[in-house]
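A structural walkthrough
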Amino acid sequence: MLNGEKSREAFERAEKVIPGGVNSPVRAFGSVGGTPRFIASAAGPHIVDIDGRRYIDYVCSWGPMILGHAHPEVVAAVQEAAAGGTSFGAATERETLLAEEIVERVPSVEKVRLVSSGTEATMTAVRLARAYTGRDLVVKFDGCYHGHADHFQVRAGSGLATGSIPSGAGIPATAAAATASLPYNDLGAFESLCREQGSELACVIVEPVAANMGVVPPAEGYLQELRRLCDAHGALLIFDEVITGFRVARGGAQELYGVKPDLTCMGKVVGGGLPLGAVGGRALIMDRLAPLGDVYQAGTLSGNPLAVAAGLKTLEVLDRENAFARLEQLGAQLEEGLRGIVERKHLPASVSRVGSLLTLFLSPGPVVDFTSAAAGSRDDFARFFHAMLEHGIYLPPSPFEAWFVSLAHEEAQLAETVAAAERALAM
Ligand code: PMP
């Protein structure tokens, strides 16, 4: 490993005062081994570590940096907002502007509440669904991630039962007991649950394109059937569009697949790289939130002026740049390049992509759920990851993550990435 000295020292120093040396677990390189790179700066499609090495970045902060890093207009918008005060704890006109932009784009959203993270958005959505339906049971799907609130940390119970076991310490059995986790893309499993427990079901929460087990698109008709079954059983359908929102299409996955959820969770792109999330949906449900209604939710930094300014500017630039056609074109180039290697070398690998979200699975596929997503060898992935890093390509340090392409990536960098993959996969 070249020149990793400064990162190594920084990591050792961090480990003394920060658990595991990082403020979010996957940054620690736990599943690939080695020392995480400490980042000094970033611009466009590149990040630079404190050892001075530059990488083409496919993490893109796990999604927010859809325009690339340090986009000059976003930086200027944040600077201007900061100069006028960084937080007031009182209403601002900018928040209404961002809410209007969201309502105009996302087909199912009539009203929206701004929060500070994706986790807050999903927590609020589930609380609203429980209040609105007067029921407790939540259905999620194996391999989907919805933030770190208690009731999402649930391992799939065998079969369809509730009473799942928590998958981490510190989570009361009672919090996990009201969550069922079912296989993704498996309508039969959900139909069975509906038959047995449909009258207890408050909501189904789903990533409309799963992107936290690697990219797994919904099977044809899957989202439509979830919608129909939720309606049939009086349950709400929640789309967690924290990754897909403002990325797979202007109005998110619900626009792409033509299915309207009752509630939508947003984050990442909508905050332009600053801490911001949002939950939105039908006015009748959203108006249950305090101060109008009886569902409590609040936040000191909610609708923060800097985050709102970054989000507004990001959405504006996306519209101006005809972004989604371009992102599709870039994603397709990367997919074709990687698929070409897999075919030429007859590798047991498969490429999965929706727009600018892509995963190279080191297993033959087809990848349709968590079981098939997890079929590849973790050691093979670790070797591939480190070889790519040596070639100057920064991939997500886990086989279960999406690669994020931004508008700042250019054809030449994608070609360089494919060439690096060709060499890395020859090892
Ligand atoms: N939902 C999804 C689909 C996510 O990918 C994430 C974060 N990766 C979250 C929710 C949680 O968002 P945050 O990390 O901002 O709390």
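Rules used in this analysis
Residues numbered from 1 in each chain as written. Predicted model: local features only at pLDDT ≥ 70, side-chain atom pairs only at ≥ 80, totals over all residues. Heavy atoms only, no water. Helix = DSSP H or I, 4+ residues; strand = E, 2+ residues; numbered from the N terminus. Rg over C-alpha atoms; globule rule 2.2 N^0.38 Å. Contact = heavy atoms within 4.5 Å. Areas by Shrake-Rupley, 256 points an atom, 1.4 Å probe, with all protein chains shown as cover. Lys, Arg positive; Asp, Glu negative; His and termini not counted. Charge placed at Lys NZ, Arg CZ, Asp CG, Glu CD. Phe/Tyr/Trp six-rings, centres within 6.5 Å; stacked < 30°, edge-to-face > 60°. Buried < 20%, exposed > 50% of the residue type's maximum accessible area, 1.4 Å probe, protein only. Polar contact = N/O pair within 3.5 Å; in protein donor to acceptor, adjacent residues only side chain to side chain. Core = buried A, V, L, I, M, F, W, Y, C linked by side-chain atoms within 4.5 Å. Domains from an automatic or database assignment. Buried area = accessible area lost by both parts, 1.4 Å probe. Salt bridge = Lys/Arg side-chain N within 4 Å of Asp/Glu carboxyl O. Near = heavy atom within 4 Å. Nonpolar A, V, L, I, M, F, W, Y, C, P; charged D, E, K, R; others polar. Axes fitted to C-alpha atoms, helices over the stretch in contact; angles between N-to-C directions. Parallel < 35°, antiparallel > 145°, perpendicular 65-115°, else oblique. Left-handed = near helix turned anticlockwise from the far one by under 90°. Pairing = 2+ DSSP bridges. pLDDT = per-residue confidence, 0-100. Expected span 1.5 Å × (residues − 1).

Things to note about the overall build of the chain
Within the chain one finds 14 helices and 14 strands. Here the C-alpha atoms of the chain give a radius of gyration of 21 Å, agreeing with the 22 Å that 2.2 N^0.38 yields for 427 residues. By its C-alpha atoms, the chain is 55 × 55 × 45 Å across when sized along the principal axes. Restricting to contacts in the chain with at least 6 residues of sequence separation, those with at least 24 account for 72%. Carbon and sulfur atoms make up 53% of the accessible area of the chain, which totals about 17500 Å². Looking at charge distribution, the chain has the averaged site of its 36 positive side-chain charges lying 2 Å from that of its 49 negative ones.

Focus: the packing of aromatic side chains
Under the criterion given, the structure shown has 10 aromatic pairs. In textbook terms, an aromatic cluster arises when at least three aromatic residues are bridged by ring pairs, as seen for F29, F381, F384 and F385.

Focus on helix α6 (residues 187–197)
Taken together, the buried positions of α6 are occupied by A189, F190, S192, L193, C194 and Q197. On its buried side, α6 packs onto β5 (137–141), β6 (179–182), β7 (201–206) and α7 (222–232). Looking at where α6 begins, the residue whose side-chain oxygen comes 3.2 Å from the main-chain nitrogen of G188 is D186.

Focus on the nonpolar core
Ranked by size, the top nonpolar core spans 48 residues in total, and within it Y58, L334, L360, F384 and W403 carry the most contacts. Those elements giving two or more residues to this core turn out to be β3 (54–57), α11 (323–344), β11 (350–354), β12 (357–361), α13 (378–390), β13 (393–394), β14 (403–404) and α14 (411–425). Summarising the domain contributions, this core has at least three residues from each of domain 1 (5–70 + 322–425) and domain 2 (72–319).

Brief notes about the environment of A323
Looking at the element boundaries, A323 is found in helix α11. Leave out the neighbours within four places in its chain, and A323 touches L318 and L407.

Some remarks on the domain arrangement of the chain
How big an interface is tends to be expressed through the accessible area that disappears when the partners come together. In terms of domains, the chain is made up of domain 1 (5–70 + 322–425) and domain 2 (72–319). Computed over C-alpha atoms, the centres of domain 1 and domain 2 are 25 Å apart. At the junction of the two partners, domain 1 supplies 31 residues and domain 2 supplies 32 residues. Approximately 2400 Å² of surface area, both sides summed, lies buried where domain 1 meets domain 2, with 68% of it carried by carbon and sulfur atoms. For the domain 1 face of the interface with domain 2, the top three residues by lost area are L67, F324 and V354, together amounting to 25%. Counting across the interface, domain 1 meets domain 2 through zero salt bridges. Between domain 1 and domain 2 we count 11 residue pairs in polar contact (both at pLDDT 80 or more) in total.

Side note on the site of the ligand
Around the ligand, the surrounding shell consists of S117, G118, T119, Y145, H146, G147, E207, N212, D240, V242, I243 and K268. With respect to the ligand, the backbone of G118 contributes an N or O atom lying 2.9 Å from an oxygen atom. A distance of 2.9 Å separates a nitrogen atom of the ligand from a polar side-chain atom of K268. Each residue belonging to the shell around the ligand can be placed in one class, and the counts come to three nonpolar, six polar and three charged.

Re the packing of helix α2 (residues 72–83) against helix α10 (residues 305–320)
Taken N-terminus to C-terminus, the directions of α2 and α10 make an angle of 150 degrees; their axes are 8 Å apart at the nearest point. Put simply, α2 runs roughly antiparallel to α10. Where α2 crosses over α10, the handedness of that crossing is right-handed. Contact residues: α2 offers E73, V74, A77, V78, A81 and A82, while α10 offers P305, L306, A309, A310, K313, T314, E316, V317 and R320.

Description of the sheet that holds strand β4 (residues 111–115)
In space, the seven strands of this open sheet follow the order β4-β10-β9-β8-β7-β5-β6, with mixed pairing throughout. The open sheet terminates on both sides in strands that have one partner only, identified here as β4 and β6. Going from strand to strand, the sheet's axes swing by 20 degrees on average, the running direction of each strand aside. Strand direction decides the pairing type here: strand β9 (residues 263–266) and strand β10 (residues 277–281), joined by four bridges, are antiparallel. Its bridge partner being in β10, L263 is matched across the sheet by G281. Sheet strands touched by helix α3 (residues 93–105): β4, β9 and β10. Its angle to β4, the strand with the most contacts, is close to 125 degrees. The strands touched by α7 within the sheet are β5, β7 and β8 (236–240), with β8 carrying the most contacts at an inclination of about 145 degrees.

Focus: the sheet that holds β3
Pairing between the strands of a sheet comes from backbone hydrogen bonds, and it takes one of two forms, parallel or antiparallel. With respect to topology, four strands assemble into an open sheet ordered β1-β2-β3-β13, the strand pairing being mixed. Every interior strand has two partners, whereas the edge strands, β1 (39–43) and β13, have only one. Relative to strand β2 (residues 46–49), β1 runs antiparallel, the two being bridged by four bridges. From the neighbouring strand, S41 faces β2, where its bridge partner is V48. Relative to β3, α14 is tilted by about 100 degrees, and along the sheet it contacts β2, β3 and β13.

Describing the confidence of the model for the chain
Looking at the chain as a whole, its pLDDT mean stands at 94, while 96% of the residues score no less than 70. Residue range residues 156–163 is modelled with pLDDT below 50. Its contacts to residues more than four positions away, or to other chains, number 18 contacts.

Structural notes on α11
Helix length check: α11 (22 residues) gives 32 Å between terminal C-alpha atoms against 32 Å at 1.5 Å per residue, within 8%. One or two residues past the end of α11 sits H346, with phi positive at roughly 50 degrees.

Notes on the pairing of β11
Burial analysis of β11 places five of its five residues in the buried class, which makes it a mostly covered element. The side-chain alternation of β11 yields two buried faces, one formed by S350, S352 and V354 and the other by V351 and R353. Alignment of β11 against β12, held across five bridges, turns out to be antiparallel. Residue pairing in the sheet places V351 in a bridge with L360 of β12. What sits between the antiparallel neighbours β11 and β12 is a turn of two residues, in which G355 has the positive phi angle 60 degrees.

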